[in-house]
Amino acid sequence: MVGTEWYIALSGVLFAIGMIGVMTRRTAVLIFLSVELMLNAANLALVAFARAWGDLTAQTAVFIVMTLAAAEVAIGLAIIVTIFRKRASTNVDDLAELKG
Amino acid sequence: MSAFFFVVLAVLIITGALVTVIASNAVHAALGLVATLVALAMTYVTLDAHFLGAVQVIVYAGAIMVLFLFVIMLLDATRPVTAHNPVGFVNELAALGGAALAGALGLIALGWRDPRPLAEGAAALRNGTPGAVGETLLTRFVLPFEAVSVLLLVAVVGSIVLVKRPVSQPSAVPEAQPIESGERAGA
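Residues numbered from 1 in each chain as written. Chains lettered and ligands numbered in written order. Predicted model: local features only at pLDDT ≥ 70, side-chain atom pairs only at ≥ 80, totals over all residues. Heavy atoms only, no water.

Trainee: Honestly, the overall build of chain B in this entry has me stumped. Any pointers?
Mentor: Regarding its fold elements, chain B presents 8 helices and 0 strands. Ordering the α and β elements of chain B from the N terminus gives α-α-α-α-α-α-α-α. Here chain B, with 187 residues, has 32% of them falling under the buried criterion. In chain B, 58% of the contacts between residues at least 6 apart in sequence involve partners at least 24 apart. Total accessible area on chain B is roughly 11200 Å²; 73% of this is exposed by carbon and sulfur atoms. (Helix = DSSP H or I, 4+ residues; strand = E, 2+ residues; numbered from the N terminus. Buried < 20%, exposed > 50% of the residue type's maximum accessible area, 1.4 Å probe, protein only. Contact = heavy atoms within 4.5 Å. Areas by Shrake-Rupley, 256 points an atom, 1.4 Å probe, with all protein chains shown as cover.)

The following block contains the structure:
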């Protein structure tokens, strides 16, 4: 069996790649995709720790996180579509009304 | 043998993630994420989480990614997505920061020692079958379970309210496709 530490390391690399995506992408949908990547990195760490401790609690938590992700995507994409209708753009640099 | 599977799956996961982050076409990025999610589902199966592997494919790679692809098609799939960043050095900064974060997390992770033999922990998971996970979900975590179902309902209603068009708004019709009716042509 592959040790838990390798799964956690893979999860860390996945999280870092997602962070790079959030920093470099300029379209709201693609930033959202990168956030999904980071969410899945956290899920992978939870599942790996569930095996390390032999506890099903973490797997239950991952199930709830997946449902939350579905709700988050539904709301987030609805917001993006609404913004696109008003502005014909989802570039996050154009949506800067709240800056000081 | 399991080490071989792990390496193959890790390569698939990281390749898909890099495509998601780097691809200049939004549809390619979404398909890269699908590859990552399916490979993650297989990784869950190697971690004795069979139910989660199935849910990952159905919910994530299925439902959520279809929603993403729909929205990408609906908006602007063909435009360059990393076009002119106002901060010129952000790509280098992100690569540097990402490499530092990945290195730090990797080093911390590789220092982890399993608290007990892995076979013992894997046996306690009972293969992560729907029965085992569902038993935990509907006994110890029944309140979060119900809360999540209410949250899903709120999300569905909320997204409908958000994208619902006001009925009397003729300017919302795209100008490139004017609505022609036979009556107007005759008048």
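Trainee: What should I look at first to understand helix α1 (residues 2–22) of chain B in this one?
Mentor: Taking 1.5 Å as the rise per residue, α1(B) with 21 residues should run 30 Å; its terminal C-alpha atoms sit 30 Å apart, in good agreement. Residues B:F6, B:L9, B:A10, B:I13, B:G16, B:A17, B:T20 and B:V21 constitute the buried set of α1(B). An end-on view of α1(B) places all buried positions within 140 degrees of arc, on one side of the element. Across α1(B) from its buried face, at more than 90 degrees, point the exposed residues B:F4, B:V11 and B:I22. In this structure, the buried side of α1(B) is in contact with α1 (4–24) and α2 (28–53) of chain A together with α2 (26–46) of chain B. (Expected span 1.5 Å × (residues − 1). Arc of directions from axis to C-beta.)

Trainee: I tried to follow the pattern of salt bridges on my own but got confused; where do I start?
Mentor: Think of it this way: side chains of opposite charge can pair up when their charged atoms draw near. Residues and elements named next belong to chain B. Evaluation of the coordinates by the stated rule reveals 2 salt bridges over all chains. Among the salt bridges present, the one from R116 reaches E120, with a minimum N-O distance of 3.5 Å. Across the pair R126 and E135 runs a salt bridge whose closest N-O atoms are separated by 3.7 Å. For R126, a relative accessible area of 44% corresponds to the partly exposed category. (Salt bridge = Lys/Arg side-chain N within 4 Å of Asp/Glu carboxyl O.)

Trainee: Even after reading the chapter, I still don't get a nonpolar patch on the surface, so can you show me in this structure?
Mentor: Together, B:M1, B:F4, B:F5, B:V8, B:L12, B:V38 and B:M42 give the surface a local cluster of nonpolar side chains, amounting to about 670 Å² of exposed area. Of all elements in the fold, only α1 and α2 of chain B reach the threshold of two or more residues within the nonpolar patch. (Patch = residues over 30% accessible without salt bridge, like charges linked within 9 Å, V, L, I, M, F, W, Y side chains within 5 Å.)

Trainee: Looking at this structure, I do not really get the packing of helix α3 (residues 57–87) of chain A against helix α3 (residues 50–74) of chain B. What am I missing?
Mentor: Here α3(A) crosses α3(B) at 5 degrees, and the two axes come no closer than 11 Å. Between α3(A) and α3(B), the angle falls in the class roughly parallel. Of the residues in α3(B), those touching α3(A) at A:Q59, A:V62, A:F63, A:M66, A:A69, A:A70, A:V73, A:A74, A:L77, A:V81 and A:F84 are B:F51, B:L52, B:V55, B:Q56, B:Y60, B:I64, B:L67, B:F68, B:V71 and B:L74. Across the contact of α3(A) with α3(B), the residue classes tally to 19 nonpolar, 2 polar and no charged. (Axes fitted to C-alpha atoms, helices over the stretch in contact; angles between N-to-C directions. Parallel < 35°, antiparallel > 145°, perpendicular 65-115°, else oblique. Nonpolar A, V, L, I, M, F, W, Y, C, P; charged D, E, K, R; others polar.)

Trainee: Explain the side chain of A:R51 to me, please; I cannot follow it from the model alone.
Mentor: Along the polypeptide, A:R51 turns up in helix α2. Despite its burial, A:R51 pairs with no opposite charge; the closest candidate is B:D48, at 5.2 Å N-O. If we skip the residues at most four places from it in the chain, A:R51 touches A:M1, A:V2, A:G3, A:T4, A:Y7, B:T46, B:L47, B:D48, B:L118, B:G121, B:A122 and B:L125. (Lys, Arg positive; Asp, Glu negative; His and termini not counted.)

Trainee: Honestly, the nonpolar core in this entry has me stumped. Any pointers?
Mentor: Counting 59 residues, the largest nonpolar core has A:L33, B:Y44, B:L52 and B:F68 as the members making the most contacts within it. For this core, the elements supplying multiple residues, two or more each, are α1, α2 and α3 of chain A together with α1, α2 and α3 of chain B. Sort the elements by how many residues they give to this core and α2(A) lands first, with 11 residues. (Core = buried A, V, L, I, M, F, W, Y, C linked by side-chain atoms within 4.5 Å.)

Trainee: Can you walk me through the packing of α2(A) against α3(A) in this structure?
Mentor: The axes of two packed helices give the description: the angle between them and the distance between them. All names here are of chain A. Look at α2 against α3: their axes get within 10 Å of each other, and the N-to-C directions meet at 175 degrees. In this view, α2 runs roughly antiparallel relative to α3, as classed from their interaxial angle. Contacts from A28, V29, F32, V35, E36, L39, N43, L46, V47 and A50 in α2 reach A58, Q59, A61, V62, V65, M66, A69, E72, V73, G76, L77 and I80 in α3. In terms of residue class, the contact of α2 with α3 is built from 17 nonpolar, 3 polar and 2 charged.

Without other data, these values stay purely geometric and don't point to any function.
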